[in-house]
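Each chain, letter by letter, is given below.
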Amino acid sequence: MRTIQFREAICEAMSEEMRHDESIYLMGEEVAEYNGAYKASKGMLAEFGEKRVIDTPIAELGFTGIAVGSAMNGCRPIVEYMTFNFCLVGIDQIINNAAKMRQMTGGQFNVPIVFRGPTASAGQLGATHSQALENWFANTPGLKVVVPSTVYDAKGLLKAAIRDNDPVIFMESEQMYGDKGEVPEGEYTIPLGVADIKREGTDVTIVSFGKIIKEAHIAAEELAKEGISCEIVDLRTVRPLDYDTVLASVRKTNRLVVLEEAWPFASVASEITYVVQERAFDFLDAPIQRITTADTPAPYSPVLLKEWLPNADDVIKAVKKVMYKK
């Protein structure tokens, strides 16, 4: 095993796949000459050349459309957005073309494409740069949505996403690019649509994904000191969502808290809550609790931002609520 940074795991995944398949290329703002806005494509221009690592203008609608068209014609593009907030300029190409093309052509066209970049808040960047849009894309049939929380998962999931014949939304975090973790020396992939139990527990299930799951781990450590055993389920893939792993955990612990860095209305947490109450209602010993951001645009003020974001204290309160403890 080697210890590398999250950004290095992303770069390794792309580079390894590009060495195996010449139809794969990377395009986006500053991915080439600058080595990526977050240095996630460092060294790739030197290795693969300007025809396969392509700097684009600040024109998301344009280069997203180019990527979709090229995917329909035999290429396997990776599109990097400087943040997913900026992909909204090109969301018509993602939703109305990439996601629907296979069905609308009766299976004549696949769209093997990965749209990747950071999601959610990354400090005081303002409301238009701090949005978690996973549930937007997960609401769209035809798209797969991946949100890794560890270095190991990031590399394995990205390699699987690049090999997938359908469009995949691969969402990272600006605040995780410097995270370090162990990855194997050799080749490995992680299948899409499979959740991972990051911590075994018996008293309550905490379901989360992405960087906010770190708050669940902090809370679980604190709660363990009080004798409360938390099981943490990392979804890893939001769509397809691994309901079976979530349901199996709830049937074991009989309590559920869902932690998500997104707005509450029509959230991923809402979907999980519905499915659990439908398929495991008789196993629940308490109402399900969900923890999300406040239902407002992200504030710029550091004091307000701290209140807006979910944190470990919120998780502890929610766990104690389903445990009927103060």
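Each value, and the rule that gives it
All chains use their own residue numbering, which begins from 1 and follows the written sequence. Residues qualify for local features only when their pLDDT is at least 70, as the model is predicted, and side-chain atom pairs are given and counted only at 80 or more; totals for whole chains, interfaces and linings, by contrast, use all residues. Hydrogen atoms and water are omitted, and side-chain values are computed over all heavy atoms in the structure. UniProt positions are given in the numbering used here, feature names are shortened, and annotations may be inferred rather than shown by experiment. Counted as salt bridges are all cases of a side-chain nitrogen of Lys or Arg within 4 Å of a carboxyl oxygen of Asp or Glu. Buried residues are those whose accessible area, probed at 1.4 Å on protein chains only, stays under 20% of the maximum for their type, while exposed residues exceed 50% and partly exposed ones sit between those limits. Put simply, DSSP marks the helices as runs of H or I at least four residues long and the strands as runs of E at least two long, and each gets a number from the N terminus on. The rule for pairing is simple: two strands pair if DSSP sees at least two bridges between them. Lines fitted to C-alpha atoms define the axes here, with helix axes fitted over just the stretch in contact, and angles between the N-to-C directions of these axes take values from 0 to 180 degrees. Whether two residues are in contact is decided by their heavy atoms: any pair within 4.5 Å suffices. Only protein atoms enter the 1 Å grid used here, on which a cavity is any set of points holding a 1.4 Å probe that cannot leave and a pocket is any open set flanked by protein within 12 Å on both sides along at least five of seven lines; residues with an atom within 4 Å of a point are listed as lining. Grid points are joined across faces, edges and corners, and a volume is the space filled by probe spheres set on the points. Basically, the charged four are Asp, Glu, Lys and Arg, the nonpolar ten are Ala, Val, Leu, Ile, Met, Phe, Trp, Tyr, Cys and Pro, and anything else, Gly included, counts as polar. Multiplying one less than the number of residues by 1.5 Å gives the expected span of a helix.

An unreviewed UniProt entry annotates the protein chain as Pyruvate dehydrogenase complex E1 component subunit beta of Flavobacterium muglaense. Quoted verbatim from the Cofactor (unreviewed entry) field of UniProt, the annotation for the protein chain is "thiamine diphosphate".

Give me the lowdown on the pattern of salt bridges, citing residues and values where you can.
With the rule as written, the count across this model stands at 27 salt bridges. Lys-198 is the partner of Asp-196 in a salt bridge, and the nearest nitrogen-oxygen pair spans 2.8 Å. Take Asp-196: its relative accessible area is 26%, and that puts it in the partly exposed class. We classify Lys-198 as partly exposed; its relative accessible area is 26%. Lys-252 is paired through a salt bridge with Glu-200; the nearest N and O atoms lie 3.3 Å apart. Separated by 52 residues along the polypeptide, Lys-252 in helix H9 (residues 243-253) and Glu-200 in the loop between strand S9 (196-199) and strand S10 (204-208) bring together distant segments of the chain. Of the residues examined, Lys-252 reaches a relative accessible area of 40% and is grouped as partly exposed. Taken together, the shared-partner salt bridges connect Arg-2, Glu-12, Glu-16, Glu-17, Lys-155, Lys-159, Arg-163, Glu-185 and Glu-187 into one network.

Describe the sheet that holds strand S13 (residues 256-259), listing the residues and the values that go with them.
With mixed pairing, 5 strands are arranged side by side in an open sheet as S9-S11-S10-S13-S14. Sheet topology places S9 and strand S14 (289-291) at the edges, where each strand pairs with a single neighbour. Averaged over all pairs of adjacent strands, the angle between strand axes in this sheet comes to 25 degrees, irrespective of strand direction. Looking at chain direction, S10 and S13 are connected through 3 bridges and run parallel. Within S13, the residue paired with Ile-206 across the bridge is Val-257. Sheet contacts for helix H10 (residues 268-279): S10, S13 and S14; angle to S13, the most-contacted strand, approximately 160 degrees.

Could you give an account of the UniProt feature "domain: Transketolase-like pyrimidine-binding" (unreviewed entry) in the protein chain, with specific residues and numbers?
According to UniProt, the feature "domain: Transketolase-like pyrimidine-binding" (unreviewed entry) maps to residues 4-179 in the numbering used here. A helix fraction of 36% and a strand fraction of 16% characterise residues 4-179, whose end C-alpha atoms lie 8 Å from each other.

How would you sum up the environment of Ala-127? Please name residues and give values.
By secondary structure assignment, the location of Ala-127 is in the loop between strand S5 (114-118) and helix H6 (134-138). Judged by its relative accessible area of 29%, Ala-127 is partly exposed. Sequence separation between Ala-127 and Val-258 is 131 residues, and the spatial gap between their C-alpha atoms is 23 Å.

Outline the layout of surface pockets, listing residues and values.
Approximately 280 Å³ is the volume attributed to the largest pocket. Taken together, 13 residues make up the lining of the largest pocket; nearest its centre are Asn-135, Ala-138, Asn-139, Val-268 and Glu-271. Taken together, the elements giving at least two residues each to the lining of the largest pocket come down to H6, strand S12 (237-239) and H10. It is H6 that contributes the most residues to the lining of the largest pocket, 3 residues altogether. Class assignment of the residues belonging to the lining of the largest pocket gives a composition of 8 nonpolar, 3 polar and 2 charged. Every residue lining the second largest pocket is listed: Ser-121, Gln-175, Met-176, Lys-211, Ile-212, Lys-214, Glu-215, Glu-261, Lys-306, Leu-309, Pro-310 and Asn-311. Taken together, the residues of the lining of the second largest pocket sort by class into 4 nonpolar, 3 polar and 5 charged.

Could you give an account of unusual backbone geometry, naming the residues involved and the relevant values?
Following Arg-239, the chain continues to Pro-240 via a peptide bond in cis, the omega torsion being -5 degrees. When you line up the elements, Pro-240 lands in the loop between S12 and H9. At Asn-35, a residue that is not glycine, the phi angle is positive and equals roughly 65 degrees. Looking at the element boundaries, Asn-35 is found in the loop between strand S2 (24-28) and helix H2 (44-48). Using a relative accessible area of 22% as the deciding quantity, one classes Asn-35 as partly exposed. Even without being a glycine, Asn-254 presents a positive backbone phi close to 70 degrees. Position of Asn-254 relative to the elements: it lies in the loop between H9 and S13.

How would you sum up helix H1 (residues 6-20)? Please name residues and give values.
Along its 15 residues, H1 runs 22 Å from first to last C-alpha, staying within 8% of the 21 Å computed at 1.5 Å per residue. Taken across its 15 residues, H1 has 11 buried, putting it largely inside the fold. Buried within H1 we find Phe-6, Ala-9, Ile-10, Cys-11, Glu-12, Ala-13, Met-14, Ser-15, Glu-16, Glu-17 and Met-18.

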